[in-house]
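# Report on the structure
Spelled out, the chains give:
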Amino acid sequence: MQNKSILSESLEDYLETILKLQTTKSVARSKDIASALDIKRGSVTGMLKKLAANGMINYEPYGYVTLTPKGKKIAVEIEKRHIVLKDFLVRILKIESDDAEETACRMEHALDKETFSRFSEFIAFIDNCPKCGKEWIEAFHASDGIKNDAEACKTCIENTQNQLK
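Residues numbered from 1 in each chain as written. Predicted model: local features only at pLDDT ≥ 70, side-chain atom pairs only at ≥ 80, totals over all residues. Heavy atoms only, no water.

Summing up its helical and strand segments, the protein chain has eight helices and two strands in all. Going residue by residue from the N terminus, the α and β elements of the protein chain occur as α-α-α-β-β-α-α-α-α-α. Counting the 165 residues in the protein chain, one finds 30% classified as buried. The contacts in the protein chain between residues at least 6 apart in sequence include a share of 52% that link residues at least 24 apart. For the protein chain, the exposed area adds up to about 11,100 Å²; of that, 54% sits on carbon and sulfur atoms. (Helix = DSSP H or I, 4+ residues; strand = E, 2+ residues; numbered from the N terminus. Buried < 20%, exposed > 50% of the residue type's maximum accessible area, 1.4 Å probe, protein only. Contact = heavy atoms within 4.5 Å. Areas by Shrake-Rupley, 256 points an atom, 1.4 Å probe, with all protein chains shown as cover.)

The structure is reproduced here in structure tokens:
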């Protein structure tokens, strides 16, 4: 297992927020970051100083905040984890979008690179395997009332085998 990021969840959230602001507005400002994270503006300064000290952002008090190449690389990875996790929760598990957004935000911090890579491979397998794919996902959605029912699974397997004969 690979080592977990040295950044706290909070610092990762800052990087992800700065990336979003930088993408939509070219630069981020302390007040925009505070607003996006729903925190007091005064709380932002200390975190920005930490990120700047670690070479992840360019920051001058009362100035704009931009990601360094190092910070952008990390922020893009965090954003990718978030997007993939939310997609899985909404598309595969049928979680409501707002709930999936919050859950993905919590999950994105817990996954190390190796686990996320395997998770992404699993999703690609589900999406692309001719034995799984869309039909498998639809079957999962249709099984709403079946919860770990071994007999129902056995019947389903037998029916599938009979169809293949």
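So that's the structure; there's more coming.
What follows is about the side chain of His109. With respect to the helices and strands, His109 occurs in helix H5 (residues 97-110). Separated by 2.9 Å, the side chains of His109 and Asp13 make a polar contact. (Polar contact = N/O pair within 3.5 Å; in protein donor to acceptor, adjacent residues only side chain to side chain.)

The next thing to look at is the packing of helix H1 (residues 9-25) against H5. For the pair H1 and H5, interaxial distance at closest approach is 10 Å and the crossing angle is 115 degrees. In the crossing of H1 with H5, the sense of the turn from one axis to the other is right-handed. Residues Glu9, Glu12, Asp13 and Glu16 of H1 lie in contact with H5, whose contacting residues are Cys105, Glu108 and His109. (Axes fitted to C-alpha atoms, helices over the stretch in contact; angles between N-to-C directions. Left-handed = near helix turned anticlockwise from the far one by under 90°.)

This brings us to the pattern of salt bridges. Within this structure, the stated rule accounts for eight salt bridges. Across the pair Asp32 and Lys25 runs a salt bridge, and its minimum N-O distance is 3.7 Å. You can call Asp32 buried: its relative accessible area is 11%. Judged by relative accessible area, which is 45%, Lys25 ranks as partly exposed. Residue Glu121 is joined to Arg118 by a salt bridge in which the shortest nitrogen-to-oxygen separation is 3.5 Å. Note that Glu121 and Arg118 are positioned in helix H6 (residues 113-128) at a spacing of three residues, about one turn of the helix. Given the relative accessible area of 58%, Arg118 is considered exposed. Look at the salt bridges and you will find they share partners, linking Lys25, Arg29 and Asp32 into a network. (Salt bridge = Lys/Arg side-chain N within 4 Å of Asp/Glu carboxyl O.)

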